[in-house]
Amino acid sequence: MITTKKMRILEINSEALGVPTLLLMENAGRSVRDEIIRKIDVNGKNVVIFVGHGGKGGDGLVAGRHLAGDGAKVTVLLLGENKHKDALLNLESTLEMDYSIILKEIKDIEDLQPIKSDVLIDAMLGTGFRGKPREPFRTAIKVFNQSLGFKVSIDVPSGMDSDTGETPGESVIPDLVVTFHDMKKGLQESRLNVVVKSIGIPKEAEIYVGPGDVLMNIKPRDMKSKKGSGGRVLVIGGSKTFSGAPSLSGMAALRSGADLVYVAAPGSTAYTIASYSPDLIAIKLTGDNLNPSNLDELRAWIDKADSIVIGPGAGLAEETIEASKKIVNYILDKGKPAVIDADSLKSIKGFTLKENVVVTPHAGEFKIFFGEEVNSEPMERIQQVMRLAKKCGCTVLLKGYFDVISDGNTFKLNKTGNPGMTVGGTGDTLTGIVAALLAEGVPAFDAASIGSFINGLAGSVVYAEKDNHITSTDLIEEIPKVMIDPLELFKKKVYKKVLY
């Protein structure tokens, strides 16, 4: 089964991979035609298509063009203005088919009357529909059901919620539903006659993280939002030697949409971090390094944060290793979403974590935490990450030439990024992005997947201009552009990688 959201993700990702929505629409309409001619010889027969506003209307127009080519007498009833760009292209082509297709624009619902036809096609309301149909569709659905003929719904019957199967208002009662790619959740429990047809969505659209994952998982901010609505992120890290790493994580979190970012660091390191940017709220911890006594100072900050990052620049002093263990245990006890990275990840090797926790190891950290070398063969590496993610009970984001992300049940791969991202700090920006997404309520697996995509694509936007001369601060400045328009930037700027 597939949800409406997941289907839209796949469509956008297909577009990013070079399989445009217009081609998917063509394949969808053609598959509807194929299923109809399995049932009926349409040559010389009447076909009436009720066409709505969106992509489903475009599918219906394609089906009509093909059926007209088979000798059917096709009539298209246009129910309002279609603004879907690919459906509009098909509408333009349908207007040119004035010999084989009769096109009628319905301007008044009184013009809708029950009819008798050999085939009736429902191309009105698609998978994005929720609630009760409004006019002209409420009347059009009634008329469709009252009409005589073999009734076919495209993708899902108009008026049905494709995720729940609910029909709170008028809904089409078809003889056949031709749905695409996979069974829709709402159709699974229905007693309708449903046929699932492939429309050419590549496997890679599901396997690789893409622009669709970004666009469909990050919610628009409400106009009445208050301070903190975008999430509060706490970064714990730094040492007397390293101040840059936690700062990069904090700045990346801010650029990813977090409202408030606190960076807790020991001693004078906190002052250094505060000097990098007035946007970061620096918390000074006692001591030169993270140490077990810092937990008492951190409890209140952990309690108020929506997500936590721990590890960047923390170091591996003996007292820091003990502190990391205590702090991580407190985070787990509180059930807080977290990203565990770098030195803290090394400090807690063998820990069992939680499903709202993300670990972000590179190959060396992976070996320390899990006690295994990263497998060099791609397919075996994927299985290895899935197995170990299940074992530790968390989401694993294994960084590398291609990133592998798994929660133990499923996996994603990310191939954004470039050779310039070997520069120090890009892993720290990644943890900040993931933490910001967690703070906004994005589930851990999705946050890790989307974070790896955003981080890599932001780096590739910089790489297109600066080649191997990029810095992590350059990357941070590109994060908003990637989150606003990931599809176009992916198609223009992505550094191409292949799995083999």
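Scoring rules and cut-offs
Sequence order as written defines the numbering, with residues in each chain counted from 1. Per-residue local features are limited, in this predicted model, to residues with pLDDT of at least 70; the limit for side-chain atom pairs, both in listing and counting, is 80 or more; totals at the level of whole chains, interfaces and linings are taken over all residues. Here the side-chain values reflect all heavy atoms present in the structure, with hydrogen atoms and water set aside. A run of H or I in DSSP becomes a helix once it reaches four residues, and a run of E becomes a strand once it reaches two; helices and strands are each numbered from the N terminus. A simple rule labels every residue: compare its accessible area, found with a 1.4 Å probe on the protein chains alone, to the largest value its type can have, and call it buried under 20%, exposed over 50%, or partly exposed in between. Any two residues having at least one pair of non-hydrogen atoms within 4.5 Å are treated as being in contact. Areas reported as accessible are Shrake-Rupley estimates using a 1.4 Å probe. Residue values count occlusion only from the protein chains shown. To pair, rings of Phe, Tyr and Trp, with the six-membered ring standing in for Trp, must have centres within 6.5 Å; the planes then decide the type, stacked if under 30 degrees apart, edge-to-face if over 60, and tilted in the middle. The axes are straight lines fitted to the C-alpha atoms, using for helices just the contacting stretch, and the angles between their N-to-C directions are given from 0 to 180°. Working definition: roughly parallel below 35 degrees, roughly antiparallel above 145 degrees, roughly perpendicular at 65 to 115 degrees, and oblique for all remaining angles. Helix crossings are classified by the rotation of the near helix relative to the far one: an anticlockwise turn of less than a right angle makes the crossing left-handed, while a clockwise turn makes it right-handed. In this classification, Asp, Glu, Lys and Arg are treated as charged, Ala, Val, Leu, Ile, Met, Phe, Trp, Tyr, Cys and Pro as nonpolar, and every other residue, Gly included, as polar. For a helix, the expected span equals 1.5 Å multiplied by the number of residues minus one. Here, two cysteine sulfur atoms that lie within 2.5 Å of each other are counted as a disulfide. Strands are labelled as partners when DSSP assigns at least two bridges between them.

(A) Layout of the overall build of the protein. In terms of helices and strands, the protein carries 19 helices and 16 strands. Counting only C-alpha atoms, the protein reaches 85 × 45 × 40 Å along its principal axes. Per-residue burial over the protein gives 56% buried out of 500 residues. A fraction of 72% describes how many contacts in the protein between residues 6 or more apart in sequence connect residues 24 or more apart. Total accessible area computed for the protein in this model is approximately 21,300 Å², and 50% of it derives from carbon and sulfur atoms.

(B) Just the packing of aromatic side chains, in detail. The full count for this structure, using the stated rule, is five aromatic pairs. Here Tyr 262 and Trp 301 contribute two aromatic rings whose centre-to-centre distance is 5.2 Å and whose plane-to-plane angle is 50°, an arrangement assigned as tilted. Of this pair, Tyr 262 sits in strand β9 (residues 260-266) while Trp 301 sits in helix α11 (residues 294-304), and the two are 39 residues apart along the sequence. Residue classification places Tyr 262 among the buried residues on the basis of a relative accessible area of 6%.

(C) Structural detail: the packing of helix α1 (residues 4-16) against helix α19 (residues 486-493). Look at α1 against α19: their axes get within 9 Å of each other, and the N-to-C directions meet at 30°. Between α1 and α19, the interaxial angle falls into the category roughly parallel. As α1 runs across α19, the sense of the crossing is right-handed. For the pair α1 and α19, the contacting residues are Ile 12, Glu 15 and Ala 16 in the first and Leu 487, Phe 490 and Lys 491 in the second. Along the lines of polarity and charge, the residues of the contact of α1 with α19 split into four nonpolar, no polar and two charged.

(D) Structural context of helix α17 (residues 444-466). For α17, spanning 23 residues, the distance from its first C-alpha to its last is 32 Å, which sits close to the expected 33 Å at 1.5 Å a residue. Most of α17 is tucked away, with 19 of its 23 residues classed as buried. At the C-terminal side of α17, Asp 467 shows a positive phi close to 55°.

(E) Here's a closer look at helix α2 (residues 21-39). Given a rise of 1.5 Å per residue, 19 residues ought to cover 27 Å, and the 28 Å separating the end C-alpha atoms of α2 matches this to within 8%. Within the span of α2, buried status applies to Thr 21, Leu 24, Met 25, Ala 28, Gly 29, Ser 31, Val 32, Arg 33, Glu 35 and Ile 36.

(F) Layout of unusual backbone geometry. Here the bond from Glu 135 into Pro 136 is cis, since omega is 5°, no more than 30 degrees from zero. Relative to the helices and strands, Pro 136 resides in the loop between β4 (116-123) and α5 (137-146). Of note, the phi angle at His 181 is positive, near 75°, even though the residue is not glycine. Of note, His 181 is situated in the loop between β6 (176-180) and α6 (185-188). Its relative accessible area of 27% is what places His 181 among the partly exposed residues.

(G) Region of the structure containing the state of the cysteines. Counted under the stated rule, the structure contains one disulfide. Here Cys 392 is linked by a disulfide to Cys 394, with a sulfur-sulfur distance of 2.5 Å. Between Cys 392 and Cys 394 the disulfide shows an S-S torsion of about -70°. By sign, it is left-handed.

(H) Main features of the side chain of Thr 431. With respect to the helices and strands, Thr 431 occurs in helix α16 (residues 426-439). In this structure Thr 431 touches Ser 249, Val 309, Pro 312, Val 339, Asp 341 and Thr 360, once residues within four positions along its chain are discounted.

(I) Focus on the sheet that holds β4. Here seven strands make up an open sheet; going across it, the order is β3-β2-β1-β4-β5-β6-β7 and the pairing parallel. With partners counted over all chains shown, the strands left at the sheet margins are β3 (101-105) and β7 (194-197), one partner each. Averaged over all pairs of adjacent strands, the angle between their axes in this sheet comes to 20°, without regard to strand direction. Across five bridges, the pairing between strand β2 (residues 73-78) and β3 is parallel. Bridging across to β3, Leu 78 finds its partner in Glu 105.

(J) Quick look at the pairing of strand β15 (residues 403-406). A two-sided burial pattern is seen for β15, the buried positions comprising Asp 403 and Ile 405 on one face and Val 404 and Ser 406 on the other. Two strands pair when backbone bridges link them, and strand β14 (residues 395-398) and β15 are joined in this way by three bridges, in the antiparallel orientation. Bridge pairing in β15 links Leu 397 to Ile 405. Remark: four residues form the turn of the hairpin made by β14 and β15, two consecutive strands paired antiparallel. Pairing analysis gives four bridges linking β15 to strand β16 (residues 411-414), with the strands arranged antiparallel. Directly across from Ile 405, in β16, lies its bridge partner Lys 412. Here β15 hands over to β16 after four residues, with Gly 408 in that stretch at a positive phi of 95°.

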